[in-house]
Amino acid sequence: MTARTEARRFILWTSVVLGLVSFAWLFPGLNEVGVTWDEPHYFSSVSRIQEWVSGVATGPERSRLLSESAIKEAWDWAHYWNPHPPAYKTVMAATEASFGRWTGAIVGYRIAPLLFFSLLVAGVVWLAGRAWGRTAALGAGLSALFMPRLVGHAHFAATDMPLTAAWLAATAGLVLFVLDGRRRSLVVGGVALGFALATKFTGWLIPISMLLWLPLFGRTRRALLGTVTWGCLGLLVAWILNPLAWHDPAGATARLFADSLHREELVPIFTYYLGRTWEYDVPGHHAALMTAITVPLPILVLGAAGTIRSLRRLPEQPIGVLAITQIIFFLALMAAPSSPNHDGVRLFLPMFPYVALLAGGGFAWAMRAVSVRLSGNRVLLAGLATGALFFLPPYLQTTRVAPLYLSYYNEVIGGLRGAAAAGMEVTYWLDAVTPSFLTRLNETLPEGSSLTATTNTEHYRHLQFYGMLREDIRVTDEWPPDYLILVARKALFRPHDWRIYLNVRPELAVELDGVELAGLYAWTADGTFEPDPEEP
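Owing to the predicted nature of the structure, the values given are computational and were not obtained by experimental measurement. (Residues numbered from 1 in each chain as written. Predicted model: local features only at pLDDT ≥ 70, side-chain atom pairs only at ≥ 80, totals over all residues. Heavy atoms only, no water.)

**Comments concerning the nonpolar core**
- In terms of nonpolar packing, the biggest core is built from 159 residues, with F117 and Y460 touching the most fellow members.
- The dominant element in this core, judged by the number of residues it contributes, is helix α6 (residues 105-132), at 15 residues.
- Y460 has contacts with L430, V433, A453, T455, L469, V475, I485 and V487, leaving out every residue within four places of it along the chain.
- Core analysis: the next-biggest nonpolar cluster, separate from the first, contains seven residues, L65, I71, A74 and W75 among them. (Core = buried A, V, L, I, M, F, W, Y, C linked by side-chain atoms within 4.5 Å. Buried < 20%, exposed > 50% of the residue type's maximum accessible area, 1.4 Å probe, protein only. Helix = DSSP H or I, 4+ residues; strand = E, 2+ residues; numbered from the N terminus. Contact = heavy atoms within 4.5 Å.)

Below is the structure:
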């Protein structure tokens, strides 16, 4: 066996092992994170899709169910809240149907994003190993595994993790084909592109993101033909995976573009950033700053080292340049006027695997730097110490913030407490309303109590449907109720929400580092505050 073959086998096994470790590590926590804002709409839609698939499979009404109107009724339910193409929901439907009877429905749905995250970690390992060798492969995989925000999205049955994994696979497949001509890479990349196109409008930007890389490394006839094939295969797969496009592919695509390009008119989502509320548009530095303060600092340092290393040897670093150009693309995209920037880092989550990729290259450089003058056991000890220096803190931070992964901030801003003082959004997606918090709430509220919420009262009716909130509790929009759940999504705070949050002690609270993320308030809480009953 040649050294090169041995190295590739090691990288392959490392990718498999880290992918399995990712799944095994996070699976027990799938039922510990709160149900997010979007998930109930996806759950309901997936349930309808499962019924449609069952009807088609059993036969008697197959012809009716395959009609355009029946497909639209089953696959495009609640379009306002659920406008995305449905490919990711087919995977959720499959995992819930396969495992939901043992895990419960919510965990069954969430197995799908965890599988995508596991594949993402394995892909990052393989790509870094292809670029820089075994040490880089291990460093890149650990970097992806210990990014709290990325790990958080591995728990949520939504569009973001499937899109992130598909984005990496689509770009990597095309790049590897351009570099070595293997058709298998092109097929994988084209299928992944199609899945991304059939999951979220953002996936349609993948070909545009490659325009920064192709002029540098793709100026050959093979690269040109491969890129065209990649795009055509992706479009074909997208239409196959999206039943809404079966009867009118061009029309379905046009509707997706129309909805997505006017999103600020349909759903004008506000963001709390640097101490003020922004109406949809935020400053252009938002994505860059959020990246700098939500990726663990050691991984940022390794990523910077990997970037410098790639730029110094630009013609020899096609994969490093891929990562750099993808990061540049996302930062520029999010800085463009009218680009949505709400929900923390969620909308540019596909950028983070490329940060991990560069961190793997930086880790390989750091390991060589500390061991160049050492030998024997000293090399091993130096390697272990270097690995612990860079990856033990992110690991400890990731485990410490669980299950409140989306509230993680790094040392650059002083953690969550420093972020709160700087006027950053401390929570946004209702994940802070954890199952453990709801268990305490169920034990606390008297029978028949009325309950409202800031924000999204309807969400708690969904929680009742899934058995997480007692059925006798009256979830209402009437004012004032007996109790209020206040989630610290400050972009949606009204004046009385601020007064309650700043002046009243909650009866129950979810806190991280002393920062309140969600609280249960009674109107007479500690006798210090009486709301104006006329104030909605």
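Once you've had a look at it, read on.
**Details of the sheet that holds strand β3 (residues 450-454)**
- If you trace the five strands from one edge of the open sheet to the other, you get β4-β3-β5-β7-β6, paired in mixed fashion. The outermost strands of the open sheet, each flanked by one partner alone, are β4 (474-475) and β6 (508-512).
- Bridge count for β6 against strand β7 (residues 515-522) is five bridges, and the pairing is antiparallel. From the neighbouring strand, E511 faces β7, where its bridge partner is E516.
- Contacting β5 (483-487), β6 and β7, helix α22 (residues 435-444) runs over the sheet at an angle of about 160 degrees to β6. (Pairing = 2+ DSSP bridges. Axes fitted to C-alpha atoms, helices over the stretch in contact; angles between N-to-C directions.)

**Considering the environment of G100**
- Structurally, the position occupied by G100 is in helix α5 (residues 87-103).
- Distance in space between the C-alpha atoms of G100 and I111 is 9.4 Å, their sequence separation being 11 residues.
- Beyond its immediate stretch of four places on either side in the chain, G100 contacts T95, A105 and G108.

**Some remarks on the packing of aromatic side chains**
- With the rule as written, the count across this model stands at 24 aromatic pairs.
- Here the aromatic rings of Y272 and W498 are separated by 6.0 Å at their centres, their planes lie at 55 degrees, and the arrangement is tilted. Of the two residues, Y272 is situated in strand β1 (residues 270-273) and W498 in helix α24 (residues 495-503); the sequence distance between them amounts to 226 residues.
- Its relative accessible area of 10% is what places Y272 among the buried residues.
- We classify W498 as partly exposed; its relative accessible area is 25%.
- Ring plane angle 90 degrees and centroid distance 5.0 Å describe the contact between F465 and Y466, whose orientation is recorded as edge-to-face.
- Among the residues examined, F465 registers a relative accessible area of 68% and is labelled exposed.
- Judged by its relative accessible area of 24%, Y466 is partly exposed.
- In textbook terms, an aromatic cluster arises when at least three aromatic residues are bridged by ring pairs, as seen for F43, Y109, F465 and Y466. (Phe/Tyr/Trp six-rings, centres within 6.5 Å; stacked < 30°, edge-to-face > 60°.)

**Some words on the pattern of salt bridges**
- What the rule picks out here adds up to 11 salt bridges.
- Bridged by salt links that share partners, the residues D160, K200, D343, R346 and R489 form one connected network. (Salt bridge = Lys/Arg side-chain N within 4 Å of Asp/Glu carboxyl O.)

**Topic: the layout of surface pockets**
- Here the second largest pocket is characterised by a volume of approximately 720 Å³.
- Sorting the residues of the lining of the second largest pocket by element identifies α6, α9 (160-180) and α10 (183-197) as the ones contributing at least two each.
- Of the residues in the lining of the second largest pocket, the class split is 16 nonpolar, three polar and five charged. (1 Å grid on protein atoms, 1.4 Å probe; cavity = no way out; pocket = protein on both sides within 12 Å on 5 of 7 lines; lining within 4 Å. Points joined across faces, edges and corners; volume = space filled by probe spheres on them. Nonpolar A, V, L, I, M, F, W, Y, C, P; charged D, E, K, R; others polar.)

**Re empty space enclosed by the protein**
- Using the criterion set out here, one finds two cavities of 30 Å³ or more in the structure.
- What the largest cavity holds in volume is close to 60 Å³.
- Taken together, T271, Y272, Y273, H286, M290, N341, D343, G344, Y409, M424 and E425 form the lining of the largest cavity.
- For the lining of the largest cavity, the elements supplying multiple residues, two or more each, are β1 and α16 (286-294).
- If you tally residues by element for the lining of the largest cavity, the top one is β1, at three residues.
- Looking at the lining of the largest cavity, its residues break down into five nonpolar, four polar and two charged.

**Describing the environment of A359**
- Looking at the secondary structure, you find A359 in helix α19 (residues 352-371).
- Separated by 169 residues in sequence, A359 and G190 have C-alpha atoms that sit 26 Å apart.
- Sequence-distant contacts of A359, defined by excluding residues within four places in its chain, comprise S143, I299, L302 and G303.

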